[in-house]
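Residue-level listing of the chains:
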Amino acid sequence: MTAPGPPGVPPESLWRGKPVPPADAWPGARVFDRSPLCRQADFETPWFAWWAESLGEGLRYHRKLWEFVFIAQALHERGVLRMGARGLGFGVGQEPLPACFAARGCRVTATDLDVAAAADTGWIETAQHAAGVAPLQRPDLCPPDVLTARVDFRPADMTAIPADLTGFDFCWSACALEHLGSIAAGLDFIEASLETLRPGGVAVHTTEFNLVSDAATVDFQGTVLFRDRDLRALAERLTARGHRVAPLDLTPGDAPLDRYLDLPPYRAEPHLKLALEGFETTSVGFIVTRGA
């Protein structure tokens, strides 16, 4: 368990109106050769600014934006965001990634819980659920007719992925797998997601990471917190089965906003690390390339 974080919000001079977008923003190369934690330094790079604009998001120090940028950049540098590539999104809610990928020529199957299950879990009430293509429309990112032609929607349970979802070039999920009921269920989902890919296809997932304990954590609840040992055990298991896991880099960062712990009720920014169920957490990314 962690004690409350440093008192007070960092001085506004460190984050208000920042980062400032550079003039030469462009996607990076070999940025994410590892599976990392959310860190302040990423927000202050040209590639982060480029993807934030491509996702229709203003630059701000928020871990959800980091998750979207991480997924897009990791897929981009692995060459799968290309015309005609097939992508599969899990638990997409109303995120901008399907529109962003469709604008780049990808054919996307977006999935989320069916309406009844989403209502039971409260996702509809919090506007974090998609029940078709309409909630995924982002005219600022992708013309509506293009999105309609390139994106289809179907309900899917992440704990029982439909067997006909196969042959994709890439798949992703953005902080969805920690809501599957247990740590084991989340890890099993990552492994099962690889079965939706062609050999050489890429899976990129983000989830909650416990920064303070490799023993005590939150499990068997609506939101679970993954530990270092959980992710390393999964990486070993997947590697043993012939998949390529981007090595884990669980260094938390030591910049001022990395050291700030956001307490409930959470701020719009800065919000990189937060107190959740008595633990200090942040977002972690996990990248796997399917073996033969």
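Residues numbered from 1 in each chain as written. Predicted model: local features only at pLDDT ≥ 70, side-chain atom pairs only at ≥ 80, totals over all residues. Heavy atoms only, no water.

**Student:** Any chance you could explain the overall build of the chain here in plain terms?
**Tutor:** Helices and strands together make up the secondary structure of the chain, namely eight helices and 11 strands. By the burial criterion, 53% of the 292 residues in the chain qualify as buried. A sequence separation of at least 24 residues applies to 72% of the contacts in the chain between residues at least 6 apart. As presented, the chain carries roughly 12200 Å² of accessible surface, and 54% of it is formed by carbon and sulfur atoms. Put simply, the chain has 27 plus and 37 minus side-chain charges, and the middle of one group is 5 Å from the middle of the other. (Helix = DSSP H or I, 4+ residues; strand = E, 2+ residues; numbered from the N terminus. Buried < 20%, exposed > 50% of the residue type's maximum accessible area, 1.4 Å probe, protein only. Contact = heavy atoms within 4.5 Å. Areas by Shrake-Rupley, 256 points an atom, 1.4 Å probe, with all protein chains shown as cover. Lys, Arg positive; Asp, Glu negative; His and termini not counted. Charge placed at Lys NZ, Arg CZ, Asp CG, Glu CD.)

**Student:** Hey, could you run me through unusual backbone geometry in this one?
**Tutor:** Leaving glycine out, the prevailing phi sign among residues is negative, and the prevailing peptide bond configuration is trans. For the bond from Lys18 to Pro19, the omega torsion is -5°, close enough to zero to count as cis. A positive phi angle is found at Arg30, which is not glycine, with a value near 55°. Note on placement: Arg30 falls in the segment before strand E1 (35-36). Judged by relative accessible area, which is 66%, Arg30 ranks as exposed.

**Student:** Please explain the nonpolar core as it appears in this structure.
**Tutor:** Most often, soluble globular proteins keep nonpolar side chains buried together rather than apart. Ranked by internal contacts, the top residues of the largest apolar core, which has 50 residues, are Ile71, Leu75, Phe101 and Phe170. For this core, the secondary-structure elements that each account for two or more residues are helix H2 (46-54), helix H3 (63-77), helix H4 (97-103), strand E3 (107-112), strand E4 (151-155), strand E5 (168-174) and strand E6 (197-210). Considering every element that reaches this core, the biggest residue donor is H3, with nine residues. Residues contacting Leu75, with those up to four places away along its chain left out, are Val80, Leu81, Phe101, Phe170, Val202 and Val204. (Core = buried A, V, L, I, M, F, W, Y, C linked by side-chain atoms within 4.5 Å.)

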